[in-house]
Amino acid sequence: MEKPAVEGGSPVRTSKLYYGHQYLDEADIEAVVRVLCSDTLTCGPEITKLEQRLCELTGAGHAAVVSNGTAALHVACQAAGIQEGDEVITTPITFAASANCALYCGARPVFADINPHTYNIDPACVAEKITDATKAVVAVDFTGQAAELDALLSLCRERGILLIEDAAHSIGTRYGGRPVGSIADMTTFSFHPVKTVTGGEGGAVLTNDSDLYTRIGLFRAHGITRDESLLEHKSQGGWYYEQLALGMNYRMTDIQAALIGSQLDKLELFSRRRSQIVSRYNEAFARIPEVVVQQEIEQSETTRHLYILRLRPERLTIDRKQFFDAMAAENICCNVHYIPVYWHPYYEHLGYEKGLCPEAEKLYGEMMSLPLYYSMTDQDVSDVIEAVRKLCTYYRK
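The paragraphs below set out a description of the structure included in this document. (Residues numbered from 1 in each chain as written. Predicted model: local features only at pLDDT ≥ 70, side-chain atom pairs only at ≥ 80, totals over all residues. Heavy atoms only, no water.)

A few words on the layout of surface pockets. Of the pockets and cavities examined, the largest pocket occupies roughly 590 Å³. Along its surface, the largest pocket is lined by 21 residues, and G217, R220, A221, I224 and R251 are the ones closest to its centre. When contributions to the lining of the largest pocket are tallied by element, the ones reaching two or more residues are α2 (45-58), α7 (210-219) and β10 (224-225). In terms of residue count, the dominant contributor to the lining of the largest pocket is α7 (4 residues). Across the lining of the largest pocket, the residue classes break down as 10 nonpolar, 6 polar and 5 charged. In this model, the second largest pocket occupies a volume close to 430 Å³. Residue lining of the second largest pocket: 25 residues in total, with F95, A168, S190, K195 and Y338 positioned closest to the centre. At the level of elements, α3 (69-79), α4 (97-104) and β8 (186-190) are the ones that each hand at least two residues to the lining of the second largest pocket. (1 Å grid on protein atoms, 1.4 Å probe; cavity = no way out; pocket = protein on both sides within 12 Å on 5 of 7 lines; lining within 4 Å. Points joined across faces, edges and corners; volume = space filled by probe spheres on them. Helix = DSSP H or I, 4+ residues; strand = E, 2+ residues; numbered from the N terminus. Nonpolar A, V, L, I, M, F, W, Y, C, P; charged D, E, K, R; others polar.)

Right, dumping it as structure tokens:
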């Protein structure tokens, strides 16, 4: 069938509505300008301020900010001592970086299937995938909902492996009353523009473990330190530093740090508005039998980054691609998060094959991400709901 839009009708709106968009105000601009007019653009006081702020926000003992969310995952895997011959378990429904971080260290990503209702990694499937080579689990808080952290932590503690929480989607989320960032062995954040809080780019690694924190700090900055307690030789003066390991330049600028700090002032406001939009979506879509609403676990008080609409193909005369195109014809620009990681050609060339995670693959064929961001108006939300309702009615079997 090749009819992407409802025939003979006008779209629900005349201007395009995108699936995500950053929100910046005058306070954000002023924070950046202050740094631009200062003496220090990088490695300066804004870095320390932001790291302290993240610890206060999450309850974590230590925070190290880095250049982006992918860098955060790489730093976490490196700090965990992951190396060639190791295995790292993660979900296929995520951005590639959640698995690539294992490859960067020479390890092998292993994919565990998802819970078909919450779309997060299934602890029972993780348990089935653990071997003697497993060194860590990278659990993704998909859409902002916390993974089943208690079950995952229990598994990891029993087997002596580390839990890395990929919280790129979930800053502001609480699990069992505790903020995300203070629960797993290491937690990583992303501050990409479509995330709840942005620095243009940027990331962070949080931990309560002092030894992990030391390794994180070294790896993000060339493996170099000026800390006299870590030096292997006697300091020769105030200029002296030593390279103790082979690291990367994953440092964040003070420009980014200032913007993120200003954005964090609005985190509660951002979270509240996103929750309002999610509530309206859930209420409306629960009444439309052609779609399914993502379920949430009781423990997660979620700041939602993405809103996933799941289609019921047995009730529709069109598939996901046609529905996606029809939404675009209504001027509602959606996205799809995510193609299963091991479906990408790079992973195919490594020997991964389709069929590894049936629930994840089924979800991929039926889902799309609807617009969700702080500055959406009530009319924007109504337009999205109306477009979904209109298409489900028109293409109903």
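Here the focus is the environment of L244. By secondary structure assignment, the location of L244 is in the loop between β11 (242-243) and α8 (254-264). Along the sequence, L244 and C334 sit 90 residues apart, while their C-alpha atoms lie 47 Å from each other. Non-local contacts of L244, meaning those with residues more than four positions away in its chain, are made with L218, G223, T225, L230 and E232. (Contact = heavy atoms within 4.5 Å.)

Right, let's get into the packing of aromatic side chains. For any pair of aromatic rings, the description rests on two quantities: the centre-to-centre distance and the angle between the ring planes. As enumerated under the stated definition, the model contains 16 aromatic pairs in all. Ring plane angle 55° and centroid distance 5.3 Å describe the contact between F111 and Y342, whose orientation is recorded as tilted. With F111 in strand β3 (residues 108-111) and Y342 in the loop between α10 (320-329) and α11 (345-349), this pair connects stretches of sequence that are 231 residues apart. According to the relative accessible area criterion, F111 is buried, its value standing at 3%. Positioned over the ring face of Y364 is R320, at 4.7 Å from the centre of the ring. Over the ring of W343 we find K354, and its NZ or CZ is 4.2 Å from the ring centre. (Phe/Tyr/Trp six-rings, centres within 6.5 Å; stacked < 30°, edge-to-face > 60°. Buried < 20%, exposed > 50% of the residue type's maximum accessible area, 1.4 Å probe, protein only. Lys NZ or Arg CZ within 6 Å of the ring centre and 35° of its normal.)

This part takes up empty space enclosed by the protein. As enumerated under the stated definition, the model contains 1 cavity of 30 Å³ or more in all. Every residue lining the largest cavity is listed: H21, Q22, Y23, P193, K195, T196, T198, Q263, F270, R274, Y373 and Y374. Of the residues contributing to the lining of the largest cavity, the split by class is 5 nonpolar, 5 polar and 2 charged.

Let us look at unusual backbone geometry. Trans peptide bonds make up most of the peptide bonds, and negative phi angles are found at most residues other than glycine. Look at the link from H337 to Y338: it is a cis peptide, with omega at 5°. Within the element layout of this structure, Y338 appears in the loop between α10 and α11. One non-glycine residue, T143, lies in the positive phi region at around 70°. Backbone geometry at H222 places phi at a positive 70°, although glycine is not the residue there.

Moving on: the sheet that holds strand β7 (residues 178-179). Taken in spatial order, the 3 strands of this open sheet run β7-β6-β13, and their pairing is antiparallel. Only two strands of the sheet have a single partner each, and these edge strands are β7 and β13 (300-301). Looking at chain direction, strand β6 (residues 174-175) and β7 are connected through 2 bridges and run antiparallel. Within the sheet, the bridge partner assigned to R174 lies in β7 and is P179. (Pairing = 2+ DSSP bridges.)

Before going further, it helps to spend a moment on the pairing of strand β1 (residues 62-66). Consecutive side chains along a regular strand alternate between the two faces of the sheet. Counting buried residues along β1, 5 of its 5 residues qualify, which places the element largely inside the surrounding structure. Alternating positions in β1 separate into two faces, H62, A64 and V66 on one and A63 and V65 on the other, with burial throughout. One ladder, built from 5 bridges, connects β1 with strand β9 (residues 203-207); its direction is antiparallel. By the bridge assignment, A63 is partnered in β9 with L206.

For the rest of this paragraph, the subject is the environment of K234. Secondary-structure assignment places K234 in the loop between β10 and β11. Taking the C-alpha atoms as reference, K234 lies 55 Å from Y307; in sequence the two are 73 residues apart.

Taken together, the 3 strands give an open sheet; going across it, the order is β12-β14-β15, and neighbouring strands pair in antiparallel fashion. Every interior strand has two partners, whereas the edge strands, β12 (291-293) and β15 (367-370), have only one. Each strand axis lies, on average, 35° off the axis of its neighbour in the sheet, ignoring direction. Where β12 meets strand β14 (residues 307-311), 3 bridges bridge the pair, whose relative direction is antiparallel. Following the sheet pairing, V293 is matched in β14 by L309. Contacts from helix α9 (residues 267-285) reach β12, β14 and β15, with the element oriented near 15° to β14. (Axes fitted to C-alpha atoms, helices over the stretch in contact; angles between N-to-C directions.)

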